[in-house]
Amino acid sequence: MARWAKLQGPSSRAFSDLLSIESIGENIGLSFKNSRELNKIIDGELPGHPRFKREQVIVADQAFDIHYRDIIECIKVLFGDPNFAQYLVFVPERHYADEDKTVRLYHDMHTGKWWWDCQKKLDEERPGATVIPVIISSDKTQVTMFRNKTAYPVYPTISNIPKEIRRKPSCQAHILLAYLPTTRLEHVTNKASRRRMLANLYHACMGRILAPLSTVGMEGINMRSGDGAMRRGHPLFACFVGGYPEQVLVTGVKTMTCPNCDVPSDELGLSAGAVDFQPRDLAAVLDALATLDDGGVAFVRACAEAGIKPIIHPFWEPFLLVNIFESITPDILHQPYQGLVKHLLAWLSDACGGEEIDATPSP
């Protein structure tokens, strides 16, 4: 009855009216008399997602509210969901395209090199580790068409769940983790100061949300999977999914530069064979961030030489097995899809002419 009421039944008021019929609840043997009592049972007794908590983050002597859940509890919910039990992946694998095993196949995170490297490093310290790669995604979303109201949600998922399941919204393999502040800091008149404050606010909030991963990821924590087995899981920040503005914000690089490598902005878009640029040097960036105690001028100069903005303690700084510049995924929607389509339309318009493109074909 409860399942029917919540998934296929009528409105809450109609359901309460149905249960108000004399002796219907007693004959069926229900433990609730109306929809309100049913909601209390669902919220209080049934297992579900962790509750939100509100805290304040102080940036530049200003307090900002942040609403978030415990990320470790969210990971436990995904890892222990019985709906995913038969699909979970616990160990890395190597797949090959030929019988001689000379051509590797990469199609999911457990077939890549990063999972293998993390597994080896963890097993050197404490054998028997189960790597739980954590994928974080965020994107500022416009909520209303008037007054420009926005929300800034953050979603985690784990790569132990295959991508064929993660990518389906109906499978609910993502959990709403937090709402970040959406302030524009319009009272700060200096644009450069405003941009720095917004970047520091973002990293301060994300650092508060993801702080448990820096210790639990290395030490491990007992987690029960959906099949009932207990494993020592090591939740590690694996990659970040977001649009180009979020990629720039997370990595701390300047706009119109690549968040992955040191290619100059005027050479972006060249074919891979025409250029030979190296990934960004994480060690140099961490050394620059360590100069914060040397004074503001030295910190800004060191960050500029390393190719990043002067961000105070980025959220990924304490993660030992993470290279943030290699953890950024491509923005498929805005870069390959929309970018390619816009490029093709502009090329066709220049090649054939606007009148020919807009002409209606004859029947």
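Residues numbered from 1 in each chain as written. Predicted model: local features only at pLDDT ≥ 70, side-chain atom pairs only at ≥ 80, totals over all residues. Heavy atoms only, no water.

Engineer: How should I be thinking about the overall build of the protein chain in this particular structure?
Structural biologist: When helices and strands are tallied, the protein chain shows 13 helices and eleven strands. Its C-alpha atoms give the protein chain principal-axis dimensions of about 80 × 70 × 65 Å. Counting every position in the protein chain, which comprises 363 residues, the buried fraction comes to 36%. Excluding contacts between residues fewer than 6 apart, the proportion of contacts in the protein chain whose partners are at least 24 apart in sequence is 56%. A total of about 22,000 Å² of accessible surface is found on the protein chain, and carbon and sulfur atoms cover 53% of it. (Helix = DSSP H or I, 4+ residues; strand = E, 2+ residues; numbered from the N terminus. Buried < 20%, exposed > 50% of the residue type's maximum accessible area, 1.4 Å probe, protein only. Contact = heavy atoms within 4.5 Å. Areas by Shrake-Rupley, 256 points an atom, 1.4 Å probe, with all protein chains shown as cover.)

Engineer: I would appreciate a short explanation of the side chain of T130 in the present structure.
Structural biologist: Mapped onto the fold, T130 is located in strand 5 (residues 130–138). If we ignore the near neighbours within four places in the chain, the residues touching T130 are F90, R231, R232, G233 and H234.

Engineer: Explain the sheet that holds strand 9 (residues 178–179) here, please?
Structural biologist: Strands in a sheet are paired, the pairing made by backbone hydrogen bonds, and the direction either parallel or antiparallel. Pairing is mixed across the open sheet formed by seven strands, whose spatial order is 1-2-9-8-5-11-10. Each edge of the open sheet is held by one strand with a lone partner, namely strand 1 (53–59) and strand 10 (221–224). In the sheet, strand 1 pairs with strand 2 (residues 62–68) via seven bridges, with the strands oriented antiparallel. Residue pairing in the sheet places K53 in a bridge with Y68 of strand 2. The strands that helix 5 (residues 71–79) touches are strand 5, strand 8 (153–158), strand 10 and strand 11 (230–241); relative to strand 10, the one it contacts most, it runs at about 35°. Its contacts with the sheet put helix 8 (residues 191–219) on strand 1, strand 2, strand 5, strand 8, strand 9, strand 10 and strand 11, and the angle it makes with strand 11 is roughly 155°. (Pairing = 2+ DSSP bridges. Axes fitted to C-alpha atoms, helices over the stretch in contact; angles between N-to-C directions.)

Engineer: Would you explain the nonpolar core in this entry?
Structural biologist: The nonpolar side chains of a soluble globular protein tend to be buried with one another. Core analysis: the biggest nonpolar cluster contains 57 residues, and I71, I136, L180, L210, F237, F315 and W316 have the highest contact counts within it. The residues contacting I71, other than those within four sequence positions of it, are V134, I136, L177, I209, L210, P212 and L213. (Core = buried A, V, L, I, M, F, W, Y, C linked by side-chain atoms within 4.5 Å.)

Engineer: So what exactly am I meant to see when it comes to the pattern of salt bridges here?
Structural biologist: Any two side chains of opposite charge can pair if their charged atoms end up close together. Under the counting rule described, the total for this entry stands at five salt bridges. The partner of E55 in a salt bridge is R208, and the shortest N-O contact between them spans 2.5 Å. Of this pair, E55 sits in strand 1 while R208 sits in helix 8, and the two are 153 residues apart along the sequence. With a relative accessible area of 27%, E55 lands in the partly exposed category. Given a relative accessible area of 33%, R208 falls into the partly exposed group. For D108, the salt bridge identified is with R166, shortest N-O distance 3.9 Å. Of this pair, D108 sits in the loop between strand 4 (104–105) and helix 6 (113–125) while R166 is found in helix 7 (residues 163–166), placing the two residues 58 residues apart along the sequence. Residue classification places D108 among the buried positions, given a relative accessible area of 10%. (Salt bridge = Lys/Arg side-chain N within 4 Å of Asp/Glu carboxyl O.)

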